[in-house]
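Chain by chain, the residues run as shown.
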Amino acid sequence: VQLQASGGGLVQAGGSLRLSCAAPGRANRRFAMGWFRQAPGKEREFVAAVNWNGAATYFADSVKGRFTIFRDNNKNTAYLQMNSLKTEDTAAYYCAAQRRRPTMPIIDDEAYEYWGQGTQVTVSS
């Protein structure tokens, strides 16, 4: 499974960005998806996750109320809508997919089988 992340960029604090993660292939609609991020010198951390049909989501406390995760299975794409961005949101963002427990949004990165390339998000003050 190849995941294709896109949508990163440079934005001012308070601004918004939408990240996309495309997973071509009809079978990939049964995958639960997650977003993680890694800032320089820091460990990778969980951001948000959504189950296979979008009915269940979960967010890290640091992004609750600002980020939304959703998916369009007709397009085999998951999205991370990021609003009210802060400088501390600056990181490389990675999408991931797992099929072992597709009904659940999973926060453990070790549960994910497939990873996309990172897309850089830089928030300036």
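Computed from a predicted model, the values in this text were never measured in an experiment.

Side note on the pattern of salt bridges
Oppositely charged side chains can form a pair if their charged atoms are brought close together.
Now for step 1: Tallied over the full model, the rule gives 6 salt bridges.
Now for step 2: Residue Glu45 pairs with Arg37 through a salt bridge whose shortest N-O separation is 2.6 Å.
Now for step 3: Accessibility expressed as a relative area gives 35% for Glu45, which makes it partly exposed.
Now for step 4: Between Arg37 and Asp89 there is a salt bridge, with the nearest N and O atoms lying 2.9 Å from each other. Placement of Arg37 in strand E4 (residues 32–38) and of Asp89 in the loop between strand E8 (77–82) and strand E9 (91–98) is noted, with a sequence separation of 52 residues between them. Both residues of the pair, Arg37 and Asp89, belong to the buried class.

Examining the state of the cysteines
Now for step 1: Evaluation of the coordinates by the stated rule reveals 1 disulfide.
Now for step 2: Here Cys21 pairs with Cys95 through a disulfide, and the sulfurs are 2.1 Å apart. When the S-S torsion is 65°, as for the bridge of Cys21 with Cys95, the disulfide is right-handed. With Cys21 in strand E3 (residues 17–22) and Cys95 in strand E9, the pair connects residues that are 74 residues apart, well separated along the chain.

Considering the nonpolar core
Now for step 1: In terms of nonpolar packing, the biggest core is built from 37 residues, with Trp35, Leu80, Met82 and Tyr93 touching the most fellow members.
Now for step 2: Sorting the residues of this core by element identifies E3, E4, strand E5 (45–50), strand E7 (67–72), E8, E9 and strand E11 (119–124) as the ones contributing at least two each.
Now for step 3: Excluding its chain neighbours within four sequence positions, the residues that come into contact with Met82 are Gly15, Ser16, Leu17, Leu19, Arg66, Phe67, Tyr93 and Val121.

A closer look at the side chain of Asn73
Now for step 1: The residue Asn73 is located in the loop between E7 and E8 in this model.
Now for step 2: Reaching out from Asn73, the side chain makes a polar contact with the backbone oxygen of Trp52 at a distance of 3.0 Å.
Now for step 3: Setting aside residues no more than four positions away along its own chain, Asn73 makes contact with Arg29, Trp52 and Asn53.

What counts, and where the lines are drawn
- Residues numbered from 1 in each chain as written.
- Predicted model: local features only at pLDDT ≥ 70, side-chain atom pairs only at ≥ 80, totals over all residues.
- Heavy atoms only, no water.
- Salt bridge = Lys/Arg side-chain N within 4 Å of Asp/Glu carboxyl O.
- Buried < 20%, exposed > 50% of the residue type's maximum accessible area, 1.4 Å probe, protein only.
- Helix = DSSP H or I, 4+ residues; strand = E, 2+ residues; numbered from the N terminus.
- Disulfide = S-S within 2.5 Å.
- Core = buried A, V, L, I, M, F, W, Y, C linked by side-chain atoms within 4.5 Å.
- Contact = heavy atoms within 4.5 Å.
- Polar contact = N/O pair within 3.5 Å; in protein donor to acceptor, adjacent residues only side chain to side chain.

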